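In case you want the letters, here they are:
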Amino acid sequence: MSNSSSSINQFLLLPFADTRELQLLHFCLFLGIYLAALLGNGLIIITIACDHRLHTPMYFFLLNLSVTDLGCICTTVPKSMANSLWDTRAISYTGCLAQLLFVVFFMTTEYCLLTVMSYDRYVAICHPLHYGTLLGSRACVHMAAAAWASGFLNAVLHTASTFSLPLCHGNAVDQFFCEIPQILKLSCSDAYLRETGLIVVSACLGFGCFVFIVVSYVQIFRAVLRIPSEHGRHKAFSTCLPHLAVVSLFLSTDFFAYLKPPSISSPILNQAVSFLYSVFPPAVNPLIYSMRNQELKVSMWKLLTGCF
């Protein structure tokens, strides 16, 4: 293949296994994770949509979060499963572009939603008397729309910048899906500075969201510890801890994936880390949210037994 990006009509993704037996095992494992994510997130979406008692800001944002989780895992996993099943590595140029666009779109939107959800918990616990005013239905819709719009804008900018670069180092992507760092490795040495600048800007904005989440939870824990009754503290913690666990999982895997030292980078480690931030959270987030949330568990059970 020519060293010019204009002649590249497909990319080669990194396989999880070389032998046929391990490829089929990878297909079966990913199929199980994929179905679990579809079932868990789909159940949360349907439950919240059908149960009017869950039509509150917290559950509205949780519904949006489940949609982003579904979008993220549907963008990366099916292609990887298909490649393992059919013993191929190929993904078309357009398919790679679309995959990168949607991965960045859904992950940026999820991060924005997690930031908004921390604000929701902050207002609910620290300023409960103003909750209805600050988080009315119109305000919730505007915040969710801003999260989705931010994700879309960020994804379009990064995708357009990344795929406008000339590619001088072949078409083999060292990852099981198309992501920005791996595409940049294929670009000419002096051509990726613009995209690097966009990444720095995005990282600064992401750090701002991170600081906002941390400050929100410091205030939340200070307020919860001042609640006199043990039942009140338990109820407050039961609504905050699942969100905090999801935020911690999302940020720790993302930060390690993009900020780990190059000296410890390897294809196997890159695959493992990308699995942890792109595949694992959508599968376990429904479990995290439903484990400590009695209201959501009761509504799910009623939905499954047809008792609405």
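Let me begin by describing the structure that accompanies this report. (Residues numbered from 1 in each chain as written. Predicted model: local features only at pLDDT ≥ 70, side-chain atom pairs only at ≥ 80, totals over all residues. Heavy atoms only, no water.)

### A few points about the overall build of the chain
Here is step 1 of the chain: For the chain, the helix and strand inventory stands at 11 helices and two strands.
Here is step 2 of the chain: Along the chain direction, N to C, the helices and strands of the chain fall in the order β-α-α-β-α-α-α-α-α-α-α-α-α.
Here is step 3 of the chain: Computed over C-alpha atoms, the radius of gyration of the chain comes to 21 Å, within 12% of the 19 Å expected from 2.2 N^0.38 for 308 residues, which places it in the range of a compact globule.
Here is step 4 of the chain: Each principal axis of the C-alpha atoms in the chain carries an extent, and together these give about 70 × 45 × 35 Å.
Here is step 5 of the chain: Among the 308 residues that make up the chain, the fraction classed as buried is 45%.
Here is step 6 of the chain: The contacts of the chain with a sequence gap of at least 6 include a subset with a gap of at least 24, amounting to 77%.
Here is step 7 of the chain: Here the chain has roughly 15,000 Å² of accessible surface; of this, 70% comes from carbon and sulfur atoms.
Here is step 8 of the chain: For the chain, the separation between the mean place of its 16 positive charges and that of its 14 negative charges on side chains is 11 Å. (Helix = DSSP H or I, 4+ residues; strand = E, 2+ residues; numbered from the N terminus. Rg over C-alpha atoms; globule rule 2.2 N^0.38 Å. Buried < 20%, exposed > 50% of the residue type's maximum accessible area, 1.4 Å probe, protein only. Contact = heavy atoms within 4.5 Å. Areas by Shrake-Rupley, 256 points an atom, 1.4 Å probe, with all protein chains shown as cover. Lys, Arg positive; Asp, Glu negative; His and termini not counted. Charge placed at Lys NZ, Arg CZ, Asp CG, Glu CD.)

### Comments concerning the packing of helix 1 (residues 20-50) against helix 11 (residues 294-305)
To describe two helices that pack against each other, one gives the angle between their axes and the distance between the axes.
Here is step 1 of the chain: Helix 11 packs onto helix 1 with a crossing angle of 90° between their chain directions and a minimal axis gap of 10 Å. Classified by the angle their axes make, helix 1 and helix 11 are roughly perpendicular. On helix 11, the residues that touch Leu43, Ile44, Ile46, Thr47 and Ile48 of helix 1 are Leu296, Ser299, Met300, Leu303 and Leu304.
Here is step 2 of the chain: Classifying every residue of the contact of helix 1 with helix 11 by side-chain character gives eight nonpolar, two polar and no charged. (Axes fitted to C-alpha atoms, helices over the stretch in contact; angles between N-to-C directions. Parallel < 35°, antiparallel > 145°, perpendicular 65-115°, else oblique. Nonpolar A, V, L, I, M, F, W, Y, C, P; charged D, E, K, R; others polar.)

### Here we look at the state of the cysteines
Here is step 1 of the chain: As enumerated under the stated definition, the model contains one disulfide in all.
Here is step 2 of the chain: Covalent S-S linkage joins Cys96 and Cys178, the inter-sulfur distance amounting to 2.0 Å. Taking the sign of the S-S torsion, -120° for the link of Cys96 and Cys178, the bridge is left-handed. Taken together, the residues Cys96 in helix 3 (residues 93-126) and Cys178 in the loop between helix 5 (137-163) and helix 6 (180-185) connect sequence positions 82 residues apart. Cys178 shares its class with Cys96; the two are buried.
Here is step 3 of the chain: Summary of cysteine pairing: Cys140 is not part of a disulfide, and the nearest cysteine sulfur, belonging to Cys112, is at 16 Å.
Here is step 4 of the chain: Residue classification places Cys140 among the buried residues on the basis of a relative accessible area of 4%. (Disulfide = S-S within 2.5 Å.)

### Some remarks on the packing of aromatic side chains
Here is step 1 of the chain: With the rule as written, the count across this model stands at 16 aromatic pairs.
Here is step 2 of the chain: For the pair Phe105 and Trp148, a centre-to-centre distance of 5.6 Å together with 55° between the ring planes defines the contact as tilted. You can see Phe105 sitting in helix 3 and its partner Trp148 sitting in helix 5, a full 43 residues away along the chain.
Here is step 3 of the chain: With centroids separated by 6.5 Å and ring planes inclined at 75°, the aromatic side chains of Phe177 and Tyr277 adopt a geometry described as edge-to-face. One end of the pair, Phe177, is in the loop between helix 5 and helix 6; the other, Tyr277, is in helix 9 (residues 267-278), with 100 residues separating them in the sequence. Tyr277 shares its class with Phe177; the two are buried.
Here is step 4 of the chain: Grouping aromatic residues by their ring pairs yields a cluster made of Phe30, Phe176, Phe177, Phe275 and Tyr277. (Phe/Tyr/Trp six-rings, centres within 6.5 Å; stacked < 30°, edge-to-face > 60°.)

### Re the side chain of Ser66
Here is step 1 of the chain: Structurally, the position occupied by Ser66 is in helix 2 (residues 57-86).
Here is step 2 of the chain: Using a relative accessible area of 2% as the deciding quantity, one classes Ser66 as buried.
Here is step 3 of the chain: In this structure Ser66 touches Asn41, Ile44 and Ile45, once residues within four positions along its chain are discounted.

### Quick notes on the side chain of Asn83
Here is step 1 of the chain: Relative to the helices and strands, Asn83 is located in helix 2.
Here is step 2 of the chain: What Asn83 contacts, discounting residues up to four positions off in sequence, is Leu13, Thr88, Arg89 and Ala90.

### Overview of the nonpolar core
Here is step 1 of the chain: Counting residues in each nonpolar core, the largest one holds 72 residues, and the members touching the most others are Phe11, Leu62, Leu65 and Leu114.
Here is step 2 of the chain: Here the element with the most residues in this core is helix 3; it accounts for 16 residues.
Here is step 3 of the chain: Those residues in contact with Leu114 that lie beyond four places of it in its chain are Leu65, Ile213, His243, Val246, Val247, Phe250 and Tyr289. (Core = buried A, V, L, I, M, F, W, Y, C linked by side-chain atoms within 4.5 Å.)

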